[in-house]
Every structure is written in structure tokens, then in C-alpha cells.
Amino acid sequence: MITAIADSIEQNIPPQYQVAIEQRTYLSDEHTTENYLEIREVSTGFVVTSIEILSPKNKRLGEGRKAYRLKRKQVLASLFHLVEIDLLITGKPMLILGKIP
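Residues numbered from 1 in each chain as written. Predicted model: local features only at pLDDT ≥ 70, side-chain atom pairs only at ≥ 80, totals over all residues. Heavy atoms only, no water.

Another aspect to go through is the pairing of strand 3 (residues 47-53). A large share of strand 3 lies buried, amounting to six of its seven residues. Judged from the four bridges that link them, strand 2 (residues 32-41) and strand 3 form a sheet pairing that is antiparallel. Bridged to Ile39 within strand 3 is Thr49. Linkage of strand 2 to strand 3, two consecutive antiparallel strands, is achieved through a turn of five residues, within which Gly45 is found at a positive phi near 80 degrees. Across five bridges, the pairing between strand 3 and strand 4 (residues 81-85) is parallel. Note that in strand 4 the partner of Ile53 across the bridge is Ile85. (Buried < 20%, exposed > 50% of the residue type's maximum accessible area, 1.4 Å probe, protein only. Helix = DSSP H or I, 4+ residues; strand = E, 2+ residues; numbered from the N terminus. Pairing = 2+ DSSP bridges.)

Below is the structure:
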């Protein structure tokens, strides 16, 4: 799914940006690898948006949720945007920070 999203974005993104598929690996018993997208400025390499598709590992208590929450805090404290796509019915939802208009 992440590749399909990347392909769709690349067809519609201005030329000063590029889409990159990145990977995160959890070194637990299962050794899970997850992909996510970053949209960067071509000239500086600066990340402007991170796109995440939440996995069961992100929503279950444990190493995956801790690692994702840390990344999420870092992104939300930075100057770039975070887009989370949660298609899972199960698991604990990620809390929204701040008020929803």
C-alpha cells in the first residue's frame, strides 16, 4: 500500500519535492520492518511531510508502540507535517494531541 501511495503522490507533486520510501526495523523477537513515506525538498533534503500507515505493531503495547510514539513526538515537535493513516479496527488508537476544531 505504501508503494501505491508513493506512486500516486509522485505523479502529482511539484518538481521541487521528492518522495522517498523509508524503513524502520524493530529488533524484537519478531524482527519487524515497516515502511513509511517522507516528502523532502530536493534542494535541501529537508523533510516536509512524513506519511505513516499504522500497523498492528504500532497499536499494541510494547516496543513497536513505544518506538512509534517517540518518532511521532519528534515529528510533531519539528517543522514538518505528519499524516497518519489508521485502517485497523483493533488495537489502541493513537491519541490526538491538542484540540480538534
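Applying the stated criterion across every chain, the model contains five salt bridges. One salt bridge in this structure joins Glu52 and Lys71, with 2.5 Å as the shortest N-O distance. Pair noted here: Glu52 is in strand 3 and Lys71 is in helix 3 (residues 63-76), with a separation of 19 residues, a long-range link. With a relative accessible area of 13%, Lys71 lands in the buried category. Residue Asp86 pairs with Lys59 through a salt bridge whose shortest N-O separation is 2.9 Å. Residue Asp86 is located in the segment after strand 4, and its partner Lys59 is located in helix 2 (residues 56-59); the two are separated by 27 residues in the primary sequence. Judged by relative accessible area, Lys59 falls into the buried class, the value being 4%. (Salt bridge = Lys/Arg side-chain N within 4 Å of Asp/Glu carboxyl O.)

Here the focus is the side chain of Ser50. Turning to its location among the elements, Ser50 is positioned in strand 3. Taking relative accessible area as the criterion, Ser50 reaches 0% and is therefore assigned buried. If we skip the residues at most four places from it in the chain, Ser50 touches Tyr36, Leu37, Lys71, Phe80, His81, Leu82 and Val83. (Contact = heavy atoms within 4.5 Å.)

The values are spatial; any link to function lies outside them.
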